[in-house]
Amino acid sequence: MKKQLTTIALALSLGVALAPALAADAAMSKEAYKAEKDKIEAQYKADKKACDGMKANAKDVCGAEAKAKEKVAKAELDAKRTPGAKADEKVSMAKADAEYDVAKEKCDDQAAAAKATCKKEAKTAHDAARKAAKPAAAGKAPEGEKKS
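Residue indices begin from 1 for each chain and proceed along its sequence in written order. Given that this is a predicted model, residues contribute local features only at a pLDDT of at least 70 and side-chain atom pairs are listed and counted only at 80 or more, while totals for whole chains, interfaces and linings are drawn from all residues. Note that water and hydrogens are dropped before the side-chain values are worked out from all heavy atoms of the structure.

Colleague: Please explain the overall build of the chain as it appears in this structure.
Modeller: Broken down by element type, the chain carries five helices and zero strands. A run of H or I in DSSP counts as a helix once it spans at least four residues, and a run of E counts as a strand once it spans at least two, with each numbered from the N terminus. Walking the chain from its N terminus toward its C terminus, one meets helices and strands in the order α-α-α-α-α. Partly exposed describes any residue whose relative accessible area lies between the buried limit of under 20% and the exposed limit of over 50%, with all areas from a 1.4 Å probe on protein chains only and scaled to the type maximum. Residue burial in the chain is summarised as follows: out of 148 residues, 21% are buried. For the chain, the accessible area works out to roughly 10,800 Å², and carbon and sulfur atoms hold 60% of it. Per-residue accessibility takes into account occlusion by the displayed protein chains alone, with areas from the Shrake-Rupley method and a 1.4 Å probe.

Written as structure tokens, this is what we have:
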């Protein structure tokens with residue numbers, strides 16, 4: 001019994017130690033990546049087709065939302081394929097850009113001054129989201145802190 005427990009403990013510890021290496025080896029295959037990408041593109045086409053019955057700016061907003069959803073899904077797929085900090089940053093940037101594109105389109109429903117204010121607010125939110133998505137530059141201290 002004690003020998004079995006020791007063997008199980010050893011196997012578990014090896015499994016934990018080898019997990020990162022196995023995860024890297026188990027990266028998404030080209031076929032799985034292509035299948036997921038095709039699925040995303042098919043969903044985009046379906047979402048875009050759903051916009052066909054709409055009129056005026058509602059149709060434009062719907063199209064922007066469909067495109068935004070596709071961009072984010074593709075960025076997330078790429079992050080699954082090659083995980084890491086750079087991939088996470090790209091996903092965050094894609095989300096920020098997607099939200100901005102949709103927000104700008106929604107602003108078009110408003111009149112002159114309100115439209116300009118709406119677009120300015122969307123741009124400010126976009127800039128803040130992109131800044132938050134970027135990791136701190138190497139060797140650079142965060143704002144308000146001194147570098148040691």
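Here the narrative resumes.
Colleague: What exactly am I supposed to notice about the packing of aromatic side chains here?
Modeller: Each aromatic ring pair is described using two quantities: the centre-to-centre distance and the angle formed by the ring planes. Pairing of aromatic rings covers Phe, Tyr and the six-membered ring of Trp, with a centre-to-centre limit of 6.5 Å; geometry is then stacked below 30 degrees between planes, edge-to-face above 60, and tilted otherwise. Under the defined criterion, the tally for this structure stands at zero aromatic pairs. Should the NZ of a Lys or the CZ of an Arg lie within 6 Å of a ring centre and within 35 degrees of the ring normal, that charge is described as sitting over the ring. In this arrangement the basic side chain of Lys-67 is found over the ring face of Tyr-44, its NZ or CZ atom lying 5.1 Å from the centre. Over the ring of Tyr-33 we find Arg-81, and its NZ or CZ is 4.1 Å from the ring centre.

Colleague: Even after reading the chapter, I still don't get helix H3 (residues 56–81), so can you show me in this structure?
Modeller: In an α-helix, one turn spans 3.6 residues; hence positions three or four apart end up facing the same way. The span you would expect from a helix comes to 1.5 Å times its residue count less one. The end-to-end C-alpha distance of H3, which contains 26 residues, comes to 38 Å, matching closely the 38 Å that a straight helix rising 1.5 Å per residue would cover. Of the positions making up H3, those classed as buried are Asn-57, Val-61, Cys-62, Gly-63, Ala-64, Ala-66, Ala-68, Glu-70, Val-72, Ala-75, Leu-77 and Ala-79.

Colleague: What's the story with the pattern of salt bridges in this structure? I'm lost.
Modeller: Proximity of charged atoms lets side chains of opposite charge pair with each other. Whenever Lys or Arg places a side-chain nitrogen within 4 Å of a carboxyl oxygen from Asp or Glu, that contact is recorded as a salt bridge. Summed over the entire model, instances satisfying the criterion amount to twelve salt bridges. For the salt bridge of Lys-34 with Asp-38, the shortest nitrogen-to-oxygen distance reads 3.2 Å. Here Lys-34 pairs with Asp-38, and both are found in helix H2 (residues 30–50), just four residues apart, close to one helical turn.

Colleague: For this particular structure, what's the right way to read helix H4 (residues 85–107)?
Modeller: Taking 1.5 Å of rise per residue, 23 residues should cover 33 Å, and H4 covers 33 Å from first to last C-alpha, within 8% of that figure. All of the buried residues along H4 are Ala-87, Glu-89, Val-91, Met-93, Ala-94, Ala-96, Ala-98, Tyr-100, Val-102 and Cys-107. In this description, contact between two residues means that some pair of their heavy atoms is separated by no more than 4.5 Å. Looking at the packing, one finds that the buried side of H4 touches H3 and helix H5 (112–133).

Colleague: It is not clear to me how the environment of Ala-132 should be interpreted in this structure. Could you clarify?
Modeller: Its place among the elements puts Ala-132 in helix H5. Ala-132 sits 40 residues away from Ser-92 along the chain, and the two C-alpha atoms are 8.6 Å apart.

Colleague: Please explain the packing of H4 against H5 as it appears in this structure.
Modeller: The description of two helices packed together rests on the angle between their axes and the distance between the axes. Axes, fitted as lines to C-alpha atoms, cover a helix only where it is in contact. Angles between the N-to-C directions of the axes lie from 0 to 180 degrees. It is at 9 Å that the axes of H4 and H5 come closest, and there the two elements cross at 175 degrees. By the angle between their directions, the pair H4 and H5 is classed as roughly antiparallel. Here H4 contributes Glu-89, Ser-92, Met-93, Ala-96, Asp-97, Tyr-100, Ala-103, Lys-104 and Cys-107 to the contact with H5, which in turn contributes Lys-115, Cys-118, Lys-119, Ala-122, Lys-123, His-126, Ala-129, Arg-130 and Ala-133. For the contact of H4 with H5, the residue count by class is nine nonpolar, two polar and seven charged. Here roughly perpendicular refers to angles of 65 to 115 degrees, roughly parallel to angles under 35, roughly antiparallel to angles over 145, and oblique to all remaining angles. By the convention adopted, Pro, Cys, Tyr, Trp, Phe, Met, Ile, Leu, Val and Ala count as nonpolar, Lys, Arg, Asp and Glu as charged, and the other residues, Gly among them, as polar.

Colleague: Is there a simple way to explain the side chain of Asp-47 in this structure?
Modeller: Note on placement: Asp-47 falls in helix H2. A distance of 2.7 Å separates the side chain of Asp-47 from the side chain of Gln-43, its partner in a polar contact. Excluding residues that lie within four positions of it along the chain, Asp-47 makes contacts with Cys-62, Ala-66 and Lys-69. Between N or O atoms, a polar contact is any pair within 3.5 Å; within protein, one atom must be a potential hydrogen donor and the other a potential acceptor, and residues adjacent in sequence are included only when both atoms are from side chains.

Colleague: Looking at this structure, how should I read the state of the cysteines?
Modeller: Every disulfide links exactly two cysteines, by a covalent bond between their sulfur atoms. Two cysteine sulfurs form what is called a disulfide whenever their separation falls within 2.5 Å. Scanning all chains against the criterion turns up two disulfides. Bridging Cys-51 to Cys-62, the disulfide has an S-S length of 1.9 Å. In this structure the cystine formed by Cys-51 and Cys-62 twists about its S-S bond by roughly -80 degrees; its chirality is therefore left-handed. Here Cys-51, found in the loop between H2 and H3, pairs with Cys-62, found in helix H3; they are eleven residues apart in sequence, far enough to count as distant. Of the residues examined, Cys-51 reaches a relative accessible area of 3% and is grouped as buried. Relative accessible area serves as the criterion here: at 13%, Cys-62 is assigned to the buried category.

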